[in-house]
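Single-letter residue listing:
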Amino acid sequence: MRFQKRHALLLFWLVALCGNAQEMPIHYDLGENYSDRYKFSTVLSINGSDEKTVMVRTYYGGMPLRPKGHFIAVYNADMNLETDYNYKYAGKHMVDGFVRNGQLYLLELKYDDRSEAYTYVVHQSPLHDFNFTERTILSVPSKAVLNPLAVNKYNRNFGNGFSTATFFNDDRSAFAITVHHREGKAEKYHMYLYGTDLKQQMVYDFSDQIVEKNYAFENIAVSKDLKTLYLMGKAYFKKRRFDAKERRFQYELVRVTNSGHQTQEFNEGGRFPEALKPLLSDGELTAVGFYADRKDKRYNGLVYFKLDAKTLALQTKKYNPFSEQFMLDKFGREVNAEIKNLIFKDVHITEKKEILFSAEEYFVTTGNDIGDSSTRKVENYHYNDIVCAKLAADGTMEWARNINKTEVTRGDEAYASYTAFGKDDSMYFFINSGEHPQKLGRNRIIFKQGYSKNPNMFVIRLNGSGEMDYQKLIDDKEVRLPIMVSRPLIDKERGQLLFYAKRGSKKQLVKVGFGVPKTTKEGK
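Rules behind the numbers
- Along each chain, the written sequence defines residue order, and numbers are assigned to residues from 1.
- For this predicted model, a pLDDT threshold of at least 70 governs which residues receive local features, and a threshold of 80 or more governs which side-chain atom pairs are given and counted, while totals over whole chains, interfaces and linings are taken from all residues.
- Values reported for side chains reflect all heavy atoms of the structure, with hydrogen atoms and water molecules removed beforehand.
- A run of DSSP states H or I qualifies as a helix once it reaches four residues; a run of E qualifies as a strand once it reaches two. Both are numbered from the N-terminal end.
- Here, residues are in contact when the closest pair of their heavy atoms is within 4.5 Å.
- Every accessible area reported is derived by Shrake-Rupley at a probe size of 1.4 Å, with residue values counting cover from the shown protein chains alone.
- Here a strand pair is declared whenever DSSP counts at least two bridges between the two strands.
- Lines fitted to C-alpha atoms define the axes, with helix axes restricted to the stretch in contact, and inter-axis angles between N-to-C directions lie between 0 and 180 degrees.
- A side-chain nitrogen of Lys or Arg and a carboxyl oxygen of Asp or Glu constitute a salt bridge if their distance falls within 4 Å.
- Note on classification: 1.4 Å probe, protein chains only; a residue is buried when its accessible area is under 20% of the maximum for its type, exposed when over 50%, partly exposed between these limits.
- Any pair of nitrogen or oxygen atoms within 3.5 Å is treated as a polar contact; in protein, a donor-acceptor pairing is required on top of that, and neighbouring residues in sequence qualify only through side-chain atoms on both sides.
- The aromatic pairing rule takes the rings of Phe, Tyr and Trp, using the six-membered ring of Trp, and pairs them if the centres are within 6.5 Å, calling planes under 30 degrees apart stacked, those over 60 edge-to-face and the rest tilted.
- For this analysis, a nonpolar core means a set of buried residues of the types Ala, Val, Leu, Ile, Met, Phe, Trp, Tyr and Cys, connected via side-chain atoms within 4.5 Å.

(A) Layout of the overall build of the protein. A tally of regular secondary structure across the protein gives two helices and 36 strands. Within the protein, counting contacts between residues at least 6 apart in sequence, those at least 24 apart form 50% of the total. A total of about 25,300 Å² of accessible surface is found on the protein, and carbon and sulfur atoms cover 46% of it.

Here it is as structure tokens:
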């Protein structure tokens, strides 16, 4: 039996390793390679509007580098530049940008010294004739703090007097703002919900609930009428005593309307949910993620919860241990090894209500950067293995796979990590890697960092049965610029992704589509 299993595994991986010889139904087109004067820039947002693409970049200057303004470029459906505009306003805390009804909105958090308050300000301009105006949508009295944005969702600092975070829902039709601040000696926590038309849909005072717990929310879901907000995250206990087997937080799902809230705690004894994501589809509410048997985040499998969308009453729960196939993917043998540091990334729901979701092994380490005359501490951001799983409509795990990958960066993380795209019953992963994946022992492969010198984009496919193949989609002979692989514009209606390639002042757009291409590469 073991002999048959081993040969079946070998045959499977021989097919997978030869997968790059099998063409996937994917094609790409290249935009014009051009240059502008903004050598040092990062992408703030990339949005689609009426077959146009609106790119907003924050550009930097001076020594040391600091934000100087925002360069806005509008491209047509053929990736040709139609118009651009230099908005010479830097802002200290630009949060995000989005497009609606022919208008560009830039969301900023700023401190008003006169009123001694933090304000959320929207910079708004029509796309056909750039002329920005400002409007304040929220103002919260507070003393100024060093870092008001809770940018790290997984290691929140609650003690600095003011902390705020912004969350967009998956289709970017709405965004929620949470604010944790002080009024005198009292701690306050407020939630706000806005549509992307900037109409305030909800204001809710959550202050009574933070007497015992601090909340660090990670994901949201919003009803179609924008009247109900679901927030999932960690609740950190303030005063409870713990024994050695307990951890100081638990995952909670909070349902909020203007008239009240409900809370569902995920705290089953001996089981520790991790990286939970709420999903709201056709009025049905579920949550998917991982779980651990110990408090140290050594994940043991996948968890599924089905809840009543109105009361949050738990209707179904399923704990699915990692499969033997998954452990072989990751470690090459059956071992009791550590699986940890998984951050939820993407979800795809099929027509049969099956759930395909992915996560990434992400962590931060500290090192030393030795210069000519000094040594300074730096943070290294690691983006490693991809975990993908398929759950049946009832929450039973059909398969889980691990894609071995290793990347580390100190700079713009847009070039690292990956983008997932679900289509039909398959999941596609777009990554930057070296020329060829490297072979590991026991018929395994690993994709290694390659965006710094060799900007090769690979696509990896997991079909409905969990079978994996891959191919190199774009190599450095055609695109000589590294691609921002984790920051594309995703258009699910048209089945395409638009990636931005950039090195210094040189720029290029890359459009990836599914199905038969309209033109061949030779005909371009």
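(B) Layout of the sheet that holds strand β28 (residues 418–423). One open sheet accounts for four strands, arranged β28-β29-β32-β33; its pairing is antiparallel. For this open sheet the edge positions go to β28 and β33 (468–474), each flanked by a neighbour on one side alone. Recorded for the sheet is a direction-independent mean angle of 25° between the axes of neighbouring strands. Here β28 runs beside strand β29 (residues 426–433); their pairing, made up of six bridges, is antiparallel. Each bridged residue has a counterpart across the sheet, and for Ala 420 the counterpart in β29 is Phe 429.

(C) Geometry of the pattern of salt bridges. What the rule picks out here adds up to 21 salt bridges. Lys 52 is paired through a salt bridge with Glu 82; the nearest N and O atoms lie 2.8 Å apart. You can see Lys 52 sitting in strand β4 (residues 52–61) and its partner Glu 82 sitting in strand β6 (residues 81–87), a full 30 residues away along the chain. In this structure, Lys 390 engages Glu 398 in a salt bridge whose closest nitrogen and oxygen atoms are separated by 3.4 Å. With a relative accessible area of 42%, Glu 398 lands in the partly exposed category. Residues joined by salt bridges that share partners form a network here, namely Asp 36, Arg 57 and Lys 507.

(D) The environment of Asn 160, seen in detail. Looking at the secondary structure, you find Asn 160 in the loop between β10 (133–141) and β11 (162–168). Using a relative accessible area of 23% as the deciding quantity, one classes Asn 160 as partly exposed. Placed 13 residues apart in sequence, Asn 160 and Asn 147 show a C-alpha to C-alpha distance of 8.2 Å. Other than its neighbours up to four places away in sequence, Asn 160 contacts Val 145 and Asn 147.

(E) Molecular detail of the sheet that holds strand β21 (residues 299–307). Strand order across the open sheet formed by four strands is β19-β20-β21-β22, with antiparallel pairing between neighbours. Bordering the open sheet on either side are β19 (272–281) and β22 (314–321), each of which pairs with just one other strand. Between one strand axis and the next, the sheet turns by 20° as a mean value, whatever way the strands run. Bridge analysis of strand β20 (residues 284–292) against β21 gives eight bridges, and the strand direction is antiparallel. Bridging from a neighbouring strand, Val 288 pairs with Tyr 304 of β21.

(F) A look at the side chain of Asp 96. Here Asp 96 shows up in strand β7 (residues 93–100). Of the residues examined, Asp 96 reaches a relative accessible area of 15% and is grouped as buried. Within polar-contact distance, the side chain of Asp 96 engages the side chain of Arg 172 at 3.3 Å. Beyond its immediate sequence surroundings of up to four residues, Asp 96 is in contact with Leu 44, Ser 45, Tyr 105, Leu 106, Leu 107, Phe 168 and Arg 172.

(G) Representation of the packing of aromatic side chains within the structure. The final tally for this structure, using the stated rule, is 36 aromatic pairs. Ring centres of Tyr 85 and Phe 130 lie 5.1 Å apart, and the angle between their planes is 10°; on these two criteria the pair is classed as stacked. In this pair, Tyr 85 is assigned in strand β6 and Phe 130 in the loop between β9 (117–126) and β10, connecting sequence segments 45 residues apart. Taking the centre distance of 5.8 Å and the plane angle of 55° together, the rings of Phe 430 and Phe 499 count as tilted. Here Phe 430, found in strand β29, pairs with Phe 499, found in strand β35 (residues 496–503); they are 69 residues apart in sequence, far enough to count as distant.

(H) Layout of the nonpolar core. Ranked by size, the top nonpolar core spans 25 residues in total, and within it Val 288, Phe 290, Leu 302, Phe 322, Ile 339, Ile 355 and Phe 357 carry the most contacts. If you list the elements that add at least two residues to this core, you get β19, β20, β21, α2 (324–331), β23 (342–349), β24 (355–370), β25 (375–391) and β26 (397–403). Apart from residues lying up to four places away in sequence, Leu 302 is in contact with Gly 289, Phe 290, Tyr 291, Lys 318, Tyr 319, Asn 320, Phe 322, Phe 357, Ala 389, Met 397 and Ala 400.

(I) Representation of the environment of Gln 508 in the model. Looking at the element boundaries, Gln 508 is found in strand β36 (residues 506–514). Separated by 27 residues in the primary sequence, Gln 508 and Leu 481 have C-alpha atoms spaced 7.8 Å apart. In this structure, Gln 508 is in contact with Leu 30, Gly 31, Glu 32, Asn 33, Val 479, Leu 481, Phe 499, Tyr 500 and Ala 501, ignoring residues within four places of it in sequence. Looking at Gln 508, its side chain comes within polar contact range of the main-chain oxygen of Gly 31, at 3.0 Å.

(J) Structural context of the environment of Glu 82. The class for Glu 82 is partly exposed, based on a relative accessible area of 42%. Excluding residues that lie within four positions of it along the chain, Glu 82 makes contacts with Lys 52, Val 74, Tyr 75 and Asn 76.

(K) Here's a closer look at the pairing of strand β15 (residues 213–222). Of all 10 residues in β15, 10 are buried; the element is thus mostly enclosed. Of the strand pairs in this sheet, β15 and strand β16 (residues 229–237) are connected by nine bridges, and their pairing is antiparallel. By the bridge assignment for β16, Asn 214 is matched with Tyr 236. The loop that links β15 with its antiparallel partner β16 comprises six residues; one of these, Leu 226, has a positive phi angle of about 60°.

(L) Spotlight on the pairing of strand β8 (residues 103–112). A large share of β8 lies buried, amounting to seven of its 10 residues. Linkage of β7 to β8, two consecutive antiparallel strands, is achieved through a turn of two residues, within which Asn 101 is found at a positive phi near 50°. Between β8 and β9, which pair antiparallel and follow one another directly, the connecting turn spans four residues, one of which, Glu 116, has a positive phi of 50°.

(M) Molecular detail of unusual backbone geometry. Residue Pro 64 is bonded to the preceding Met 63 through a cis peptide linkage, with omega at 0°. In this structure, Pro 64 sits in the loop between β4 and β5 (66–75). With a phi close to 50°, Asp 50 is a non-glycine residue in the positive phi region. Structurally, the position occupied by Asp 50 is in the loop between β3 (41–49) and β4.

(N) The side chain of Asn 219, seen in detail. If you trace the backbone, Asn 219 turns up in strand β15. Separated by 3.3 Å, the side chain of Asn 219 and the backbone oxygen of Leu 276 make a polar contact. With residues up to four places along the chain from it excluded, the contact list for Asn 219 reads Tyr 230, Leu 231, Met 232, Leu 276, Lys 277 and Pro 278.

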